[in-house]
Amino acid sequence: MGSTIQQVLTALTTFPGNLIYHMALAFSIAGALQMAVGLWRDSALPQGRRMVIGLGLMLGLRFLLFLCAGLAQSGLYNPRVLLPILDRAATTLSLIVILWLWVFPEPRRLADAASSLLGMLTAAIAAISWAWWFGNYSALSFNASWLDFGWEFLAIALLGLGFALLILRRPNGWEYGLGMMIVVSLGHLLHLIVPQTESDYPGFVRLAQMAAYPILFSLPRRFRTPQPEIPAVEAVPAPSEQPAPQEKSRSDTQPEYFKALLFALGESTGPELCKAIARTLAETMRSDICLIVSPPGRRGRFHIQCGYDFIHEETLENLSLDQGKLPLLTSAMKKAQSLRLPARSTSQDLTNLGDLLGLGSTGHLLAGSVQNLKGETALGIILLSPHTDRRWAREDQDFIEEISNGLAPILHQARRWEAAQKELEKTQNSLHALQEILEEVQAENQILLSERDTITKEVLGEEGSKELDSLRDDQQQSQDTIARLQVENRRLGEMVESLIAAADTHELTTSGQLKKELREALEEIANLKNQLIKTEQQALVNAGVLETADTVSEERAEVFASIAQDLRQPMSSIVGYTELLLGESVGILGALQRKFLERIRASTERLERLLDDLLRVATLLAGDQLQLNPEAVDLGNAFDKAIANTSAQMREKNIILRVDLPEPMPHIHADRDALQQILIHLLKNAGTVSPVEGEIFLRAEVQDVDDGQNYVLIQVADQGGGIPKEDLPRVFSRLYRADNPLIEGIGDTGVGLSIAKTLVESQEGRIWVDTETGKGSAFNILLPLYNGETTPQSGEGHSG
């Protein structure tokens, strides 16, 4: 008996028996690989893909060993140089793959990473072993050497780890895997106890592998694809007259009918639509439980929006779970793929879902992904069968994919509906805020009217006429502010009309109520405009009020300051909510919605700038002394801050700013904040009048004057077409009448230029404009340089 075993072992480790050994193992692996490919093709299960990868790697290793053995037998190289190390490394790598396939049939990042690391470690050990063996192979036999014992102990350690993991995890068909490892372990133990010292190859290990590798055929059989069930047909007396029974469809509804039903539910939004989808899917797919989930967000959690238990006919509450506990579902949803898991799968997805839902077993799982118009996963659908143990076949997987494609336009329509409703609500809030502001303005006007009669009786003669002219000028400034508010209200109206047009263009056929509310909003805007016109008329009547110069200026300044402060509060709310929506922290925006919100943001920013100008004008009208603090100011820093403040306006029109400054930059004697305002007003005016893709020139140079004081000349030139000669005398005037048109070549109403002139002259400087019709204008400022001896002074504001 002993001689027979010895002959078998010798045959397996020498030519040609060693080639038969390699071919036998290759045939076993190839058969299992063919079954795994069929499973993957028919079911698209992730387990099938893993088996194809693992068995393909094992088959490649066997082919490499077979090729090397054949080349060595042909006399191309000495087999003892390479084959002993390559044989041990291939055996260990195959053992790692076998453990990976048996213990972890479903994808697990940690297990996959650990297996890859073990494979690389084995390759490194093989390289080190070969480096030593190459210098000693002629004097030693590999069997019973310290290298041989090291490789055998490594294999036995891996097998021990496999035993422990199989018993703890108990995946599908774990008994077959345990039996295979026991057979392989016996071969390695016998080789350690009774080594063939005259050979370089482990005969007992090869014999055990030939006995164990056929068990690989049970790997793909752990995940059988369910076959369609054909219902039994009762016997009838006349079978020839009875039509042949048809196979019952696994789903109760065709995809076309399902889509039509969901489109009928399209008028619902939010939770109602989610519940309708969950119930319809559960009834259609004959699923025990249907869950509608949101993909993991920034916090990395799955959120179950709603669910429906078809067996108990009840709705499931909102739940959430960390994405790390659902690795397969996370991967499938990120790739927008469907997923199918059998009930006996050892994946933690099924275990954690069962714990979350309070189920002992989730049954078989089928999941699909619904994509939005951008190709991103918007929703996930999970079907479970914990009560009926319904198996999901490939046709069910195809069905859920087709249904998911049909859900995309329905969800898009529902989200557009919700976004339109939110937009309407915000527009109405803005209208209410403007209405409150209007009421406050009307209350102020009533107070002025009550004071008019009293003051008129006390003022006489030419002085009264002069004060009347001054009061009319102040009232005209209030009219300008009201006119600007009217412009912004017209923009809001145009945006609301665009919303209605967009609803018609994108076929929001079910949004009749929304259109009605939007038209009511337009009517409110129209009423607001009428009330503003009445306010303007009342303001013109107030032009007849005569007050003393000091009293009039102070009261007007207080009125302007109060109006500006009241306008700032709703403007801040509008800006805050607009930025919140543009940041998409409360939902994803469509291209059209983002465009509207950006228009609202631009309009509110413009209103804020107008309010700033209104406050400055009010201060100048009041005749208050400007609190200036002249000091040595670095002109370069002032230019940098002014350019940064106006860069967004220039980028909008793609305007090129060309700067020509002296080196080194001088220090000037001026108030730092006032200089900043002057430069910003001039650059903003140039950016407003310059055409798209035009150019603005910013220059500065030092001027020597005979009186011993040096000055710096600052020039801002634009390409706005120039200013007509007849309008030059009123370039720096802010007191426009309703019948006095705006000046060509000047941005807006020119309030910024009037403020700039006042600030320049308050600091002992000069400002003037040079213009060329058809080309552009150049605004020039002359300010004193800092010589280290100038005493800071405060100037007084004057209207210029």
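Values in this document were obtained by computation on a predicted structure and should not be read as measured data.

**Description of the overall build of the protein chain**
Move 1: The secondary structure content of the protein chain amounts to 21 helices and 14 strands.
Move 2: Restricting to contacts in the protein chain with at least 6 residues of sequence separation, those with at least 24 account for 73%.
Move 3: Here the protein chain has roughly 39700 Å² of accessible surface; of this, 54% comes from carbon and sulfur atoms.

**Concerning the state of the cysteines**
Move 1: If you walk through the whole model with that rule in mind, you get 1 disulfide.
Move 2: One disulfide in the model links Cys274 with Cys306; its S-S distance is 1.9 Å. One quick way to see it: the torsion about the S-S bond of Cys274 and Cys306 is about -95 degrees, and its sign makes the bridge left-handed. Residue Cys274 is located in helix 11 (residues 270–285), and its partner Cys306 is located in strand 2 (residues 301–309); the two are separated by 32 residues in the primary sequence. The exposure classification of Cys274 matches that of Cys306, with both residues buried.
Move 3: Distance from the sulfur of Cys290, which forms no disulfide, to the nearest cysteine sulfur (Cys306) is 7.7 Å.
Move 4: We classify Cys290 as buried; its relative accessible area is 0%.

**A word on the environment of Leu9**
Move 1: Summarising the element assignment, Leu9 is placed in helix 1 (residues 2–13).
Move 2: Accessibility expressed as a relative area gives 1% for Leu9, which makes it buried.
Move 3: The sequence separation of Leu9 and Gln196 amounts to 187 residues, and the corresponding C-alpha distance is 8.7 Å.
Move 4: Once residues within four sequence positions are removed from consideration, Leu9 is found in contact with Gln196, Gly203, Phe204 and Leu207.

**Description of unusual backbone geometry**
Move 1: Residues Glu663 and Pro664 are joined by a peptide bond in cis, for which omega reads -5 degrees.
Move 2: Mapped onto the secondary structure, Pro664 falls in the loop between strand 9 (656–660) and strand 10 (667–671).

**As for the pairing of strand 2**
Move 1: In this structure, strand 1 (residues 289–294) lies alongside strand 2, joined through 6 bridges in antiparallel fashion. In the strand pairing of strand 2, Ile292 is matched with Cys306.
Move 2: Hairpin connection between strand 1 and strand 2: a loop of 6 residues separates the two successive antiparallel strands, and Gly300 in this loop has a positive phi of roughly 70 degrees.
Move 3: Looking at chain direction, strand 2 and strand 3 (residues 314–316) are connected through 3 bridges and run antiparallel. Bridge pairing links Tyr308 to Thr315 in strand 3.
Move 4: Hairpin connection from strand 2 to strand 3: 4 residues lie between these consecutive antiparallel strands, with Glu313 at a positive phi of about 55 degrees.

**Digging into the pattern of salt bridges**
Move 1: Applying the stated criterion to the full structure yields 12 salt bridges.
Move 2: Note that Asp148 is salt-bridged to Arg88, the shortest N-O span being 3.0 Å. Placement of the pair is Asp148 in helix 6 (residues 146–169) and Arg88 in helix 4 (residues 79–103), with a sequence separation of 60 residues. Accessibility classification places Asp148 together with Arg88 in one group, the buried group.
Move 3: A cluster of three or more residues bridged by salt bridges with shared partners is formed by Asp87, Arg88, Asp148 and Arg206.

**Let's talk about the nonpolar core**
Move 1: Formed by 41 residues in total, the largest nonpolar core has its most connected members in Leu635, Ile668, Leu675, Ile714, Phe779 and Ile781.
Move 2: Mapped by element, the contributors of at least two residues to this core are helix 19 (635–652), strand 10, helix 20 (672–689), strand 11 (695–703), strand 12 (711–717), helix 21 (751–761), strand 13 (766–772) and strand 14 (776–784).
Move 3: A total of 8 residues in this core trace back to one element, the largest contributor, which is helix 20.
Move 4: The residues touching Ile714, leaving out its near neighbours within four places in the chain, are Leu635, Phe639, Leu679, Leu698, Arg699, Ala700, Phe779, Asn780 and Ile781.
Move 5: Counting residues in hydrophobic clusters, the runner-up holds 38 residues, among them Ala32, Leu45, Leu55 and Val184.

**Details of the packing of aromatic side chains**
Move 1: Across all of its chains, the model carries 4 aromatic pairs by this definition.
Move 2: Measuring from ring centre to ring centre gives 5.1 Å for Trp132 and Trp146, while their planes differ by 75 degrees; the resulting arrangement is edge-to-face. Taken together, the residues span a long stretch of sequence, with Trp132 in helix 5 (residues 109–133) and Trp146 in helix 6 at a distance of 14 residues.
Move 3: Plain terms: the ring middles of Trp133 and Phe142 are 5.1 Å apart, the flat faces sit at 85 degrees to each other, and that makes the pair edge-to-face. Take Trp133 and Phe142: they sit in the same class, and that class is buried.

**Focus: the sheet that holds strand 11**
Move 1: In space, the 5 strands of this open sheet follow the order 9-11-12-14-13, with mixed pairing throughout. Of all the strands in the sheet, just strand 9 and strand 13 have a single pairing partner and so form its edges. Neighbour-to-neighbour, the strand axes of this sheet turn through a mean angle of 15 degrees, independent of strand direction.
Move 2: Judged from the 7 bridges that link them, strand 11 and strand 12 form a sheet pairing that is antiparallel. Bridge assignment links Ala700 to a residue of strand 12, and that residue is Ile714.
Move 3: Each of strand 9, strand 11 and strand 12 touches helix 19; the most contacted strand, strand 11, lies at about 170 degrees to it.
Move 4: Across the face of the sheet, helix 20 comes into contact with strand 9, strand 11, strand 12 and strand 14 while running at roughly 170 degrees to strand 14.

**Description of the side chain of His364**
Move 1: Summarising the element assignment, His364 is placed in the loop between helix 13 (348–357) and strand 6 (365–371).
Move 2: Accessibility expressed as a relative area gives 6% for His364, which makes it buried.
Move 3: Looking at His364, its side chain comes within polar contact range of the side chain of Asp389, at 3.0 Å.
Move 4: The contact partners of His364, leaving out residues within four places of it in the chain, are Leu341, Pro342, Ala343, Leu383, Leu384, Ser385, Asp389, Arg390, Arg391 and Trp392.

**Here we look at helix 7 (residues 174–193)**
Move 1: Its 20 residues give helix 7 an end-to-end C-alpha distance of 28 Å, which sits within 8% of 28 Å, the value for a rise of 1.5 Å per residue.
Move 2: Three or more residues of helix 7 are buried, namely Trp174, Gly177, Leu178, Met180, Met181, Val184, Ser185, Gly187, His188, His191 and Leu192.
Move 3: Lining the buried residues of helix 7 we find helix 4, helix 6 and helix 8 (203–212).

The rules behind each value
Residues numbered from 1 in each chain as written. Predicted model: local features only at pLDDT ≥ 70, side-chain atom pairs only at ≥ 80, totals over all residues. Heavy atoms only, no water. Helix = DSSP H or I, 4+ residues; strand = E, 2+ residues; numbered from the N terminus. Contact = heavy atoms within 4.5 Å. Areas by Shrake-Rupley, 256 points an atom, 1.4 Å probe, with all protein chains shown as cover. Disulfide = S-S within 2.5 Å. Buried < 20%, exposed > 50% of the residue type's maximum accessible area, 1.4 Å probe, protein only. Pairing = 2+ DSSP bridges. Salt bridge = Lys/Arg side-chain N within 4 Å of Asp/Glu carboxyl O. Core = buried A, V, L, I, M, F, W, Y, C linked by side-chain atoms within 4.5 Å. Phe/Tyr/Trp six-rings, centres within 6.5 Å; stacked < 30°, edge-to-face > 60°. Axes fitted to C-alpha atoms, helices over the stretch in contact; angles between N-to-C directions. Polar contact = N/O pair within 3.5 Å; in protein donor to acceptor, adjacent residues only side chain to side chain. Expected span 1.5 Å × (residues − 1).

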